[in-house]
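What follows is each chain in one-letter form.
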Amino acid sequence: MDLQMLNDRLNDAVNRWVRAVTEYFSELNRNEQYGWIAFATGLVLFVVGIVLW
């Protein structure tokens, strides 16, 4: 397997993952979106707190 083939397979895998994630989040209702936003905000605050500590 050469480097170009490996790069193509990696790009295909990333593109499939991005499409799947986009499809998942586009089908959420408003409350589920708020839940994910709250989770992501908490995660970011946690990481910032660890870094600044």
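Going by the structure above, here's the rest.
1. Focus on the overall build of the chain
Line of reasoning, step 1. A count of helical and extended segments in the chain gives two helices and zero strands.
Line of reasoning, step 2. Taking 10 Å as the expected radius of gyration for a compact globule of 53 residues, we find that the chain reaches 17 Å, considerably beyond that expectation.
Line of reasoning, step 3. On the principal axes, the C-alpha backbone points of the chain span a range of 45 × 35 × 10 Å.
Line of reasoning, step 4. For the chain, with 53 residues in total, the buried portion stands at 2%.
Line of reasoning, step 5. Carbon and sulfur atoms provide 66% of the accessible area of the chain, an area that totals close to 5000 Å².

2. Quick word on the packing of aromatic side chains
Line of reasoning, step 1. On inspection of all chains with the given rule, the structure shows four aromatic pairs.
Line of reasoning, step 2. Between the aromatic rings of Y24 and W36, the centroid separation amounts to 6.4 Å while the plane-to-plane angle is 90°, which identifies the pairing as edge-to-face. With Y24 in helix α1 (residues 3-26) and W36 in helix α2 (residues 30-52), this pair connects stretches of sequence that are 12 residues apart.
Line of reasoning, step 3. The exposure class assigned to Y24 is partly exposed, which follows from its relative accessible area of 43%.
Line of reasoning, step 4. Given a relative accessible area of 37%, W36 falls into the partly exposed group.
Line of reasoning, step 5. For the pair W36 and F39, a centre-to-centre distance of 5.8 Å together with 90° between the ring planes defines the contact as edge-to-face. Taken as a pair, W36 and F39 lie in helix α2 at a separation of three residues, close to a single helical turn.
Line of reasoning, step 6. An aromatic cluster of three or more residues is present, and its members are Y24, F25, W36 and F39.

3. A closer look at a nonpolar patch on the surface
Line of reasoning, step 1. Together, Y24, F25, W36, F39, L43, V44, F46, V47, V48, I50, V51 and L52 make up an exposed nonpolar region whose accessible area comes to about 1200 Å².
Line of reasoning, step 2. Those elements that provide at least two residues to the nonpolar patch are α1 and α2.
Line of reasoning, step 3. Residue contributions to the nonpolar patch peak at 10 residues, all from α2.
Line of reasoning, step 4. In this fold, F46 is placed in helix α2.

What counts and what doesn't
Residues numbered from 1 in each chain as written. Predicted model: local features only at pLDDT ≥ 70, side-chain atom pairs only at ≥ 80, totals over all residues. Heavy atoms only, no water. Helix = DSSP H or I, 4+ residues; strand = E, 2+ residues; numbered from the N terminus. Rg over C-alpha atoms; globule rule 2.2 N^0.38 Å. Buried < 20%, exposed > 50% of the residue type's maximum accessible area, 1.4 Å probe, protein only. Areas by Shrake-Rupley, 256 points an atom, 1.4 Å probe, with all protein chains shown as cover. Phe/Tyr/Trp six-rings, centres within 6.5 Å; stacked < 30°, edge-to-face > 60°. Patch = residues over 30% accessible without salt bridge, like charges linked within 9 Å, V, L, I, M, F, W, Y side chains within 5 Å. Salt bridge = Lys/Arg side-chain N within 4 Å of Asp/Glu carboxyl O.

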